[in-house]
Each structure stands twice: as C-alpha cells, then as structure tokens.
Amino acid sequence: MFNELTCEQDALKKDIINFQVPLPDNSVDIVVFCLSLMGTNLCDFLVEANRVLVSNGVLKIAEVASRFNDIRDFITALARLGFKLCTKIHKMTDAIMSKAATMEIPINSNGDTGSLPEDDSLEQDLQQVMVSGPNLNETNIVSGGYGGTGEGILAPGSIKAPNVQQSRGGQAMTTEEASRGLAVEKFDIMKKWGINTYKCTKQLISERFGKGSRTVDLELEAQIDVLRDTKRKYENILRLARALTNHFYSMVQTQRALGDTFSDLSQKSPELQDEFGYNAETQKLLCKNGETLLGAINFFVSSINTLVNKTMEDTLMTVKMYENARLEFDAYRADLEELNMGPRDAMTLSRIETAQQQFHIHKGKYERLRSDVTIKLKFLEENKVKVMHKQLLLFHNAISAYFAGNQQQLEQTIKQFNVKLKPPGVDKPSWLEEQ
C-alpha cells in the first residue's frame, strides 16, 4: 500500500512525481485508487498503474461523483492511457477498468516501456474533467526515487506524464472512436425506446378497437375507479370551502369597518352615543368570533387540500405507473403469443427466446406495481377516514358555535383541535418586503 502520508502500519509514504513504486513491470493483477486521484499529477498515477499491471490486469477507481465534471470525458482520457471500461457503478462512481492490447498504449508482455511523443493535452484533459481538490503537488512530499530521502515543494504541472511505447500491431483508440462508441450507445437506447413505444401504441390501438386482449384485475380497477370518483368529489368540497372562506372573510372585514364607523359616531353624536356604542361592541364581537371561525375553516381547507392534492395525487401517480406497466406487459405478451403461433425456424426461435425474456421482465414490473397500488389504496383509505373524521367534526363544531353566538364553545373547539390562529394582518407583507 502506498500513500502520501503514512496512515497505517503497512503503508509506505510515497508520491508518484519523479518516483516509481518499488514494483517491477507487469507484476500485479489489480491496482486500486480509492479517493486518491486528487492531485494535479493524476496522469502520473494512472501511467504508473499501467506500468505495474499485467496484461489484462484490472484497475479499480472509487471516487465520489462530485469529483468528476464529466465521467465520459474521464473514461475517454483513460482509454488514451491504455484502459477500457468494463463496469461502471453510477451510484458509487466506482469504475473498473481493464488493460487491453488493442488500446492506444498497450503493455508488452515483458513489461518493457518505450516512448511516444509527449502528450501534454492528456494531462490537461485529465485535470479538466476532475473537480479541483487538495493539490498534492503543493505539499511536502518525497521527491526522490525509491529509498530517496530528499523532500521539497514541487511546482504544479512541472512534471509531465511518462512516455509509453505503442506495441506492434496495436490499433489506437482515438477520441473520435470513443465518441463514436457513445453515439452507438445512445442510438441503442433510442432504438429500444422506439421499439417499446411501437409495441405499446399497437397494443393500445388494438384494445381501443376491441381487437386485442388486456389483463384485467376487476377488484383493483374497481378500487381505482372509486378513488378517482372520490377525488373529484373532494375537489368539489375543497372548491366550495375556499369560496366560503373568501365570502366569509369579506363579511368579517365589512363587520370590522362597520364597528369602527359606529364607534366613531358614538363619540361625535352625544344624543345617540349609547345606541352607536352598543352596535360598535356587537360588530367587534362578531368580527372577533368571525376571525376565530376563519381560522377553523382555513385549517379545514388546508387539511382537505393536503389529502386531495398530495396524498390522493401520489397514489394516482402510482396508479398511472401501474397502468403503463400493464400496457407494456400486455404488449410483450401479445408479441410473444404472435411469435409462438408462427413457424419455428432458427431465427424465429432466437426471437422467441428474446421475447420471453422481455415478457418476464415486464411481467415482474407489472406485478410489483400492482402490489404497490394495492398497498397504497389500503393506506389511503385508512388515512382518509382518520383525517376526515377529525376535520368534519371541527367544521361542524366551529360553525355551530359561531352561529349560536357561543364564543366560549368556539374558542374551546379551536383549542381541542390545536388550530393556531393567525393574528390580524399577518398575511400583509412587512414594509421591508414591500420595498
């Protein structure tokens, strides 16, 4: 194990600049870089790995995703160093590369390395595709060869990558060829998407015209229809409750203005001071109770909105995925049935085997999503009953207490359901926000 700092007992303190690891050429089967490509001389690291690896050896690179500006450019640069991609794990950004004699910089079987024209662009390309991190070239490191003791500060970019000789008969992989490989990969993805879309569209049209068969789960589809109908009705409740809130808010504001007017007239009309005063107090009390009722109604509207536009909508999104999976499953099932009814030659048998694989893949996806929908519908029903029981009780008690003029019962209802009332004017932006 080699490291810039000696962090473990069996780790040697070494850096690659002006230094080769104390291993002969073609001597190891696997080289691992784990969170270690942070220096600007990372090209030297990779070339040294190429030197010590046997032909068809394995290079494993484990780095966090944020270290790469573009993983494809990094893989292209590795190809120029004599490696080809075997496996890439996206979530862990763990790239496993293997050496191949057909790459641009192959490794001779005897481990000898020659020279090619110096390629400054390769080192620059590797530095550009890696996000800047700690610079190992600007720290105190061992600058001598194996066993050397001299230490010093090396300027970044002062060391060029070692030159490697191209073997006879080797075929160079250029950047253009790597780009062509990516284009082929994208073309294959588009091809698979096009085939899948064609099959699903064909199945959908067949079902619409009554010529094709479809998989039907009567119990589950009945539950889905009930959910869609329930959502439409709850959306109507939400719309009416919001309209009630708007109208009642206007009435409360009118009562407040009317109370202020009565209060002002009671001070300016001595002969009607008592009468105006009674009405002012009444309007202010109604306004206060109205604001309390508005708090209860707003809480009711907010809870219904969450139930309809979040909980139910999330379940319906899963239902949509289930319906798409059902369509794909039926499309590949129909395709397999059609192939089984045709002639059985060598080409057809190959197509049947491929169709069976696709059929089982989409069957598993369909069954998994059907199970997800069943579970979500069950949980949604339980949650809906619990939420609506509480909200309908709140709505009834608050409305009854308000129109009965029972202020104490109205306030008790608010406390019972933990409704937090906003003070008057809280929705109005502050003077700083208005600026």
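An unreviewed UniProt entry lists the chain under the name Ribosomal RNA-processing protein 8, from Polypterus senegalus. For the chain, the Sequence similarities (unreviewed entry) comment in UniProt is given as "Belongs to the methyltransferase superfamily. RRP8 family." The record held by UniProt for the chain lists under Function (unreviewed entry) the comment "Probable methyltransferase required to silence rDNA."

Describing the pattern of salt bridges
Under the counting rule described, the total for this entry stands at 21 salt bridges. Note that Lys 231 and Glu 235 form a salt bridge whose closest N and O atoms lie 2.6 Å from each other. One end of the pair, Lys 231, and the other, Glu 235, are both in helix H5 (residues 218-268), 4 residues apart, so they sit about a helical turn from each other. Arg 326 serves as the salt-bridge partner of Asp 330, at 2.6 Å between the closest nitrogen and oxygen. Taken together, the residues span about one helical turn, with Asp 330 and Arg 326 both in helix H6 (residues 273-341) at a distance of 4 residues. Relative accessible area serves as the criterion here: at 0%, Asp 330 is assigned to the buried category. Overlapping salt bridges, with partners in common, bring together Glu 207, Arg 214, Glu 221, Arg 326, Asp 330, Arg 333 and Glu 337 in one network.

What to know about unusual backbone geometry
At Asn 26, a residue that is not glycine, the phi angle is positive and equals roughly 50°. Tracing the sequence through the fold places Asn 26 in the loop between strand E2 (12-13) and strand E3 (28-34). On the basis of relative accessible area, Asn 26 is assigned to the buried category, the value being 16%. In this structure, Asn 56 is a non-glycine residue whose phi angle is positive, near 65°. Structurally, Asn 56 can be placed in strand E4 (residues 53-62).

Some remarks on the packing of aromatic side chains
On inspection of all chains with the given rule, the structure shows 8 aromatic pairs. Centroid distance Tyr 322 to Tyr 366: 5.6 Å. Interplanar angle 20°. Geometry classified as stacked. Here the residue Tyr 322 occupies a position in helix H6, and Tyr 366 occupies one in helix H7 (residues 346-403), the gap between them amounting to 44 residues. For the pair Tyr 322 and Tyr 366, one class covers both residues: buried.

So, how was this worked out
- Residues numbered from 1 in each chain as written.
- Predicted model: local features only at pLDDT ≥ 70, side-chain atom pairs only at ≥ 80, totals over all residues.
- Heavy atoms only, no water.
- UniProt positions renumbered as here; feature names shortened; annotations may be inferred.
- Salt bridge = Lys/Arg side-chain N within 4 Å of Asp/Glu carboxyl O.
- Helix = DSSP H or I, 4+ residues; strand = E, 2+ residues; numbered from the N terminus.
- Buried < 20%, exposed > 50% of the residue type's maximum accessible area, 1.4 Å probe, protein only.
- Phe/Tyr/Trp six-rings, centres within 6.5 Å; stacked < 30°, edge-to-face > 60°.

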